[in-house]
Amino acid sequence: MAGGTGDLPARFPGGEGGIQMKKVVVAIDGSEASRGVVDYAIHYANREPDADMLFLHVIALSEHKPVFYGEGTVVIPPSDEEVKAQFEEFIKVEMEALGKTIPRMSISVRSGKVYDQIVKFAEENGAFMIMIGHRGLGAMERFFLGSVAAKVVANAPCSVYVHRPRTEAEGK
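Now for a quick tour of the structure.

What counts and how
Starting afresh in each chain, residues are numbered from 1 along the sequence in its written order. Local features in this predicted model are restricted to residues of pLDDT 70 or higher, and side-chain atom pairs are both shown and tallied only at a pLDDT of 80 or more, whereas totals for entire chains, interfaces and linings draw on every residue. With hydrogens and water stripped out, all remaining heavy atoms of the structure feed into the side-chain values. Grouping buried Ala, Val, Leu, Ile, Met, Phe, Trp, Tyr and Cys residues that are joined through side-chain atoms within 4.5 Å yields what is termed a nonpolar core. Think of it in three bands: residues with accessible area under 20% of the maximum for their type are buried, residues over 50% are exposed, and the middle band is partly exposed, with areas taken using a 1.4 Å probe on protein chains only. Numbered from the N terminus, helices here are DSSP runs of H or I no shorter than four residues, and strands are runs of E no shorter than two. Only heavy atoms matter for contacts: two residues are in contact if any of them lie within 4.5 Å across the pair. Pairing between two strands requires that DSSP report at least two bridges joining them. By definition, the crossover connecting two strands over a helix is right-handed if that path, from the first strand to the second, turns clockwise as seen with the strands pointing away from the viewer. Two aromatic rings, drawn from Phe, Tyr or Trp (for Trp, its six-membered ring), form a pair once their centres lie within 6.5 Å of each other, and the interplanar angle then sorts them: stacked below 30 degrees, edge-to-face above 60, tilted otherwise.

Moving on, we get to the nonpolar core. General note: in soluble globular proteins, nonpolar side chains tend to be found buried as a group. Among the nonpolar cores identified, the biggest contains 23 residues, and Val-26, Met-53, Phe-55, Ile-91, Ile-102 and Met-131 are the most heavily contacted of them. Put simply, the parts of the chain that give this core at least two residues each are β1 (22–27), α1 (32–47), β2 (51–59), α2 (80–98), β5 (105–111) and β6 (129–133). Every residue in contact with Ile-102, bar those within four places of it in the chain, is listed here: Ile-42, Ala-45, Met-53, Phe-55, Ile-91 and Met-95. Counting 15 residues, the second-largest nonpolar core is a separate cluster that includes Val-25, Leu-54, Ile-130 and Ile-132.

Shown next as structure tokens:
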């Protein structure tokens, strides 16, 4: 029933013609957890026709490639175009597997601290929600590195959906 306390409004006032699209940032990195987030985003986009799905990949230092130059090494990040093409294919494969499409979507690529760039991107785009995967770091790794998802939740300007793969959530 519309108007119940548990219902979210399908549309928000403002924007063109008084209607503003729900902008949903979907943080992706190519991992299995990320694949689950993409699947969830596809279902969400088909359930919420006014959703604008903004996929974002942040190029982390671990993705930079070493190039040997003389006696030293230079570390070069992959090109934004190369990464964008890789994630376009990643999303396309998931849509084909589910037999669904995403009506409104874009793919952006940034470089920097992953959690910081996700939060900034959400702020800049007036995001309604951020979707992100949980990789399940061990206790020691989490202590030293922190979780990207936890940092996004702590600093996000909007709600955050953290996808935890079913086997991880069930403790398997």
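Next, the rest of the story.
Time to look at the pairing of β2. Most of β2 is tucked away: 9 of the 9 residues are buried. Residues Ala-51, Met-53, Phe-55, His-57 and Ile-59 line one face of β2 and the alternating positions Asp-52, Leu-54, Leu-56 and Val-58 line the opposite face, and both faces are buried. Inspection of the sheet shows β1 paired to β2 by 6 bridges, in the parallel sense. Looking at the pairing, Val-24 lines up with Met-53 of β2. With respect to chirality, the unit in which β1 leads through α1 into the neighbouring parallel β2 is right-handed.

Applying the stated criterion to the full structure yields 2 aromatic pairs. When the centroid spacing of 4.2 Å and the interplanar angle of 15° are considered together, the rings of Tyr-40 and Tyr-161 count as stacked. Of this pair, Tyr-40 sits in helix α1 while Tyr-161 is found in strand β7 (residues 159–163), placing the two residues 121 residues apart along the sequence. In this structure Tyr-40 comes out as partly exposed when scored by relative accessible area, which is 26%. Arranged with centres 5.9 Å apart and planes meeting at 80°, the rings of Phe-87 and Phe-90 form a pair that is edge-to-face. Of the two residues, Phe-87 and Phe-90 both sit in helix α2, 3 residues apart, roughly one turn of that helix.

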